[in-house]
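What follows is the residue order along each chain.
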Amino acid sequence: MGFLDVILGRSKAVRPDLDQLFALPSAAITLQAATGFTPTGRGSVCFASVEGGAFARIRADVRALLGPPVEFSQDQYGYTWMLARHAAEDTAGLVNDLHAVNTALQEGGFGPQLLCSLIGFRDERGRSLALVYLYKRGTFYPFAPLSGSGEKRDNPLELQVRSLLGDDLTVEKDLSRWFPVWGAPGL
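Source: prediction; values computed, not measured. (Residues numbered from 1 in each chain as written. Predicted model: local features only at pLDDT ≥ 70, side-chain atom pairs only at ≥ 80, totals over all residues. Heavy atoms only, no water.)

Trainee: How would you summarise the overall build of the protein chain if you had to cite specific residues and measurements?
Mentor: Counting its secondary structure elements, the protein chain contains five helices and six strands. Over its C-alpha trace the protein chain gives a radius of gyration of 17 Å, about what one expects of a compact globule, namely 16 Å for 187 residues. Dimensions along the principal axes, computed over C-alpha positions, put the protein chain at roughly 50 × 45 × 30 Å. With 187 residues in all, the protein chain has 43% of them scored as buried. Sequence-distant contacts in the protein chain: of pairs separated by 6 or more residues, those separated by 24 or more amount to 66%. If you sum the accessible surface of the protein chain, you get close to 9,600 Å²; carbon and sulfur atoms cover 54% of it. Across the protein chain, the centroid of the 18 positively charged side chains sits 5 Å from that of the 20 negatively charged ones. (Helix = DSSP H or I, 4+ residues; strand = E, 2+ residues; numbered from the N terminus. Rg over C-alpha atoms; globule rule 2.2 N^0.38 Å. Buried < 20%, exposed > 50% of the residue type's maximum accessible area, 1.4 Å probe, protein only. Contact = heavy atoms within 4.5 Å. Areas by Shrake-Rupley, 256 points an atom, 1.4 Å probe, with all protein chains shown as cover. Lys, Arg positive; Asp, Glu negative; His and termini not counted. Charge placed at Lys NZ, Arg CZ, Asp CG, Glu CD.)

Structure representation (structure tokens):
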């Protein structure tokens, strides 16, 4: 970053570090011990929709790599979601799959289209929680929708999770970047 960038208030973009995803199994243990939220075994990758032969090849490679349980869908905003499923206790396997998909897209030249990855959790009361990795920021944040109340979030729970996982994950400091992922596959 140069002198003019400092004066003009521009900041240097953070390079995504996909290896940060490997901190999720440890964070899941911390989260379960402190709050009772357990992994659901479901996780997803979201990216801006892309077309063409190169993307079709990567999609086929992902299906071949992860097997038939992988599902692709499109949300109401036109973003593509790839959902992976594992046994609830296999958080490490799920993270490996999410990392492989992100890496395949990045190496295939689709890194700029990657938006986020998430893994889902649930507690004994049936509440949902996701730990979301923002690809372009290299940070995580919790997303906790309130069930049965439309599109409302459990902000106190999100803040509690942020403080619990600060030693396990690089948590996004800017709360305005904690985007809602309503209806995300894997949540």
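Moving on from the model shown.
Trainee: Please provide a residue-by-residue account of the side chain of Q20, values included.
Mentor: Position of Q20 relative to the elements: it lies in the loop between α1 (3-8) and α2 (24-35). Here the side chain of Q20 touches G138 through a polar contact of 3.2 Å, landing on its backbone oxygen. Setting aside chain neighbours within four positions, we find Q20 in contact with Y133, G138, F140 and T170. (Polar contact = N/O pair within 3.5 Å; in protein donor to acceptor, adjacent residues only side chain to side chain.)

Trainee: Quick one: what's the story with the nonpolar core, residue by residue and with numbers?
Mentor: With 51 residues, the main nonpolar core has M82, L105 and L131 as its most contacted residues. In this structure L105 touches V45, F47, F55, I58, F110, G111 and L114, once residues within four positions along its chain are discounted. (Core = buried A, V, L, I, M, F, W, Y, C linked by side-chain atoms within 4.5 Å.)

Trainee: Tell me about the side chain of E172, and name the residues and values.
Mentor: The topology assignment puts E172 in the segment after α5 (155-165). With a relative accessible area of 3%, E172 lands in the buried category. Here the side chain of E172 touches R137 through a polar contact of 2.9 Å, side chain to side chain.

Trainee: Describe the packing of aromatic side chains, with residues and values.
Mentor: Evaluation of the coordinates by the stated rule reveals three aromatic pairs. Consider the rings of Y133 and F140, whose centres lie 5.0 Å apart with planes at 55 degrees: the pair is tilted. Judged on exposure class, the residue Y133 and its partner F140 are both buried. With a centroid separation of 5.1 Å and an interplanar angle of 75 degrees, the aromatic rings of F143 and W182 are classed as edge-to-face. (Phe/Tyr/Trp six-rings, centres within 6.5 Å; stacked < 30°, edge-to-face > 60°.)

Trainee: Give me the lowdown on the sheet that holds strand β5 (residues 128-134), citing residues and values where you can.
Mentor: As summarised here, the arrangement of the six strands in space is β2-β3-β1-β4-β5-β6, forming an open sheet in which the pairing is antiparallel. The strands lining the two open edges of the sheet, one partner per strand, are β2 (71-74) and β6 (139-143). For this sheet the average axis-to-axis angle between neighbouring strands, irrespective of direction, equals 25 degrees. As judged from the seven bridges shared by strand β4 (residues 114-122) and β5, these two strands associate in the antiparallel manner. When the sheet's bridge partners are listed, S117 is paired in β5 with Y133. (Pairing = 2+ DSSP bridges. Axes fitted to C-alpha atoms, helices over the stretch in contact; angles between N-to-C directions.)

Trainee: Can you explain the pairing of β2? Please cite residues and give values.
Mentor: The sheet contact formed by β2 and strand β3 (residues 79-85) spans four bridges and is antiparallel. Bridging across to β3, S73 finds its partner in W81. Between β2 and β3, which pair antiparallel in sequence order, lie four residues; one of them, G78, sits at a positive phi of approximately 90 degrees.

Trainee: So what's going on with α2? Residues and values would help.
Mentor: Taking 1.5 Å per residue, twelve residues should reach 16 Å; α2 reaches 16 Å between its end C-alpha atoms and fits that length. Taken as a whole, α2 has its buried residues at L24, A27, A28, L31 and T35. Projected down its long axis, α2 carries its buried residues within an arc of 105 degrees, all on one side. Turned more than 90 degrees off the buried face of α2, the exposed positions are I29 and A33. (Expected span 1.5 Å × (residues − 1). Arc of directions from axis to C-beta.)

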